[in-house]
Amino acid sequence: MRTIDWVDGAVEIIDQTALPGDLRVLRLHTVGELIAAIQSLAVRGAPALGVAGAFGVALAARVHGDDPAALHNAIRKIETARPTAVNLARGAQRAAHLLSSGPEAVLAEACVIRDEEIAASAAMASLGADLVLQLCGERPRLLTHCNTGGLAAVTVGTALGVVGELHRRGALAGVIASETRPLLQGARLTSWELTRAGIEHRVAVDSAGPFLMARGEVDAVILGADRICANGDVINKIGTFSHALGAHRAGIPFLVVAPESTVDTATPTGGHVEIEDRGAAEVTAWSDAVNPAFDVTPYDLVTAIVTDRRVIRVDRGEKP
Ligand code: MRU
């Protein structure tokens, strides 16, 4: 099943806001509907956002092909629908480069981006599983944060793709999914995907992760990224930094699995990245709140970054 695809002239997505209760497909016919789906997290996760950006430009090219100002405005709105994952603007810009060749060429490029993400997931699953076994030995117990499965990446996923591959190899002793406050991508989505894949797992509250590591119950932390900066800083779901600190303290590997489409060498460090603020309403109804959606994990807490083409041993001084 693909999280996002182009089907009969519209963008089809699995509505991730309805999971795990309801598995329903939304058909998005307009740029406005697509942007609303991105902003409500009906479609989410960096690789899937890249594909959404590209399909969004394909929709815009069909509707506004003869109105350059309206087309430019629509593309700008798609690129900026969410600020943190580099994939969204990058996917939109790649598709937009084909505008002079007509709407069908734009759509074809969007489909190439979709297919590249599918291939990248397969490559990361294999590269990442090899690295986990090399660093942790046979049958590791892993902890993952947020959702990095097929829902976040068209199919298979990034870090969760590695978890799935280890399970297929019979080389996985256990998985803990941190619940991922406030929108529960771990408790709702990762848990749903692991159950569907027949992988036994437990959910932990976010604040339990470092303690479970300190107690020796986790052999490695493995998660995804929304952007990887030139110095190796990793931008990912809020809570990633505290899991990296926990892993550092416990002396276990902290592994980031993300496609090359998430590596942004034009951004020098995490301090240069806009961290999405999703407002107080998602956190609490009874007091004011601060709600940054992502954080920056400094490169010196990262053991390795696994992309679809390489293993970057950040702990040995290698850079993206
Ligand atoms: O706010 P979200 O749910 O889009 O955040 C997603 C994440 O932080 C993921 O860990 C990241 O995009 C990697 S997805 C393979």
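Residues numbered from 1 in each chain as written. Predicted model: local features only at pLDDT ≥ 70, side-chain atom pairs only at ≥ 80, totals over all residues. Heavy atoms only, no water.

## Remarks on empty space enclosed by the protein
Counted only if it meets this: Residues are said to line a cavity or pocket when one of their atoms sits within 4 Å of a point; the points come from a 1 Å grid over protein atoms alone, cavities being sets where a 1.4 Å probe fits but cannot get out and pockets being open sets with protein on both sides within 12 Å along at least five of seven lines. Grid points are joined across faces, edges and corners, and a volume is the space filled by probe spheres set on the points. A helix here means a DSSP run of H or I that spans at least four residues, while a strand means a run of E at least two residues long, and both kinds are numbered starting from the N terminus. In this count, Pro and Cys sit with the nonpolar residues alongside Ala, Val, Leu, Ile, Met, Phe, Trp and Tyr, while Asp, Glu, Lys and Arg are called charged and the others, Gly among them, polar. Note that the domain bounds reflect an automated or database-derived domain assignment.
For the coordinates displayed, the defined rule picks out two cavities of 30 Å³ or more. Along the wall of the largest cavity there are 22 residues; nearest its centre are Arg44, Gly45, Ala46, Asn147 and Asp226. Where the lining of the largest cavity is concerned, the elements lending two or more residues are α2 (46-64) and β9 (234-237). Ranked by the residues each element gives to the lining of the largest cavity, the list is headed by α2, at three residues. Residue composition of the lining of the largest cavity, grouped by class: eleven nonpolar, seven polar and four charged. Two domains share the lining of the largest cavity, each providing at least three of its residues, namely domain 1 (4-116) and domain 2 (125-316).

## Here we look at the sheet that holds strand β6 (residues 202-204)
Strands pair in a sheet through their backbones, by hydrogen bonds, and they do so in one of two ways: parallel or antiparallel. Here is the rule we go by: By this definition, two strands are paired if DSSP reports at least two bridges between them. By the convention used here, residues are in contact when the closest approach between their heavy atoms is within 4.5 Å. Convention adopted: a line fitted to C-alpha atoms gives each axis, helices being fitted over their contacting stretch, and angles between N-to-C directions are expressed from 0 to 180 degrees.
Pairing is mixed across the open sheet formed by seven strands, whose spatial order is β6-β5-β4-β7-β10-β13-β14. The open sheet has two edge strands with one neighbour each: β6 and β14 (311-312). The sheet contact formed by strand β10 (residues 254-257) and strand β13 (residues 304-306) spans three bridges and is parallel. Looking at β13, one finds that Val257 is bridged to Val306. Against the sheet, helix α8 (residues 185-196) engages β4 (141-144), β5 (174-178) and β6, with an angle of about 155° to β5.

## Here we look at the domain arrangement of the protein chain
For clarity, the threshold we go by: What counts as buried area is the accessible surface, traced by a 1.4 Å probe, that two parts surrender upon association, with contributions from both included. Each reported salt bridge corresponds to a side-chain nitrogen of Lys or Arg within 4 Å of a carboxyl oxygen of Asp or Glu.
Under the domain assignment, the protein chain is made up of domain 1 (4-116) and domain 2 (125-316). Taking only C-alpha atoms into account, the centre of domain 1 sits 25 Å from that of domain 2. Residue-level contacts link 23 residues of domain 1 with 29 residues of domain 2. Among the residues of domain 1 in contact with domain 2, Arg44, Pro83 and Thr84 are the three that bury the most area, contributing 27% of the side total. Connecting domain 1 to domain 2 are one salt bridge. One salt bridge connects Arg82 with Glu276, and the closest N-O pair in it is separated by 2.7 Å. For the side of domain 1 that touches domain 2, the elements supplying multiple residues, two or more each, are α2 and α4 (86-96).

## Brief notes about the layout of surface pockets
Looking at the largest pocket, its volume works out to about 430 Å³. Lining the largest pocket we find 21 residues, and of these Gly149, Gly150, Val156, Glu193 and Ala197 sit closest to its centre. In terms of residue count, helix α7 (residues 159-168) provides more of the lining of the largest pocket than any other element does, five residues in total. Counted by class, the lining of the largest pocket contains ten nonpolar, seven polar and four charged residues. Here the second largest pocket is characterised by a volume of approximately 320 Å³. Residue lining of the second largest pocket: 18 residues in total, with Glu79, Pro83, Ala85, Ala89 and Arg227 positioned closest to the centre.

## Regarding the packing of helix α3 (residues 68-79) against α4
The condition that has to hold: Working definition: roughly parallel below 35 degrees, roughly antiparallel above 145 degrees, roughly perpendicular at 65 to 115 degrees, and oblique for all remaining angles.
Contact geometry of α3 with α4 gives a least axis separation of 8 Å together with a crossing angle of 150°. With respect to their mutual orientation, α3 and α4 come out roughly antiparallel. Contact residues: Ile75, Ile78 and Glu79 in α3; Leu88, Ala89, Ala92, Gln93 and Ala96 in α4. Looking at the contact of α3 with α4 residue by residue, the classes come out as six nonpolar, one polar and one charged.

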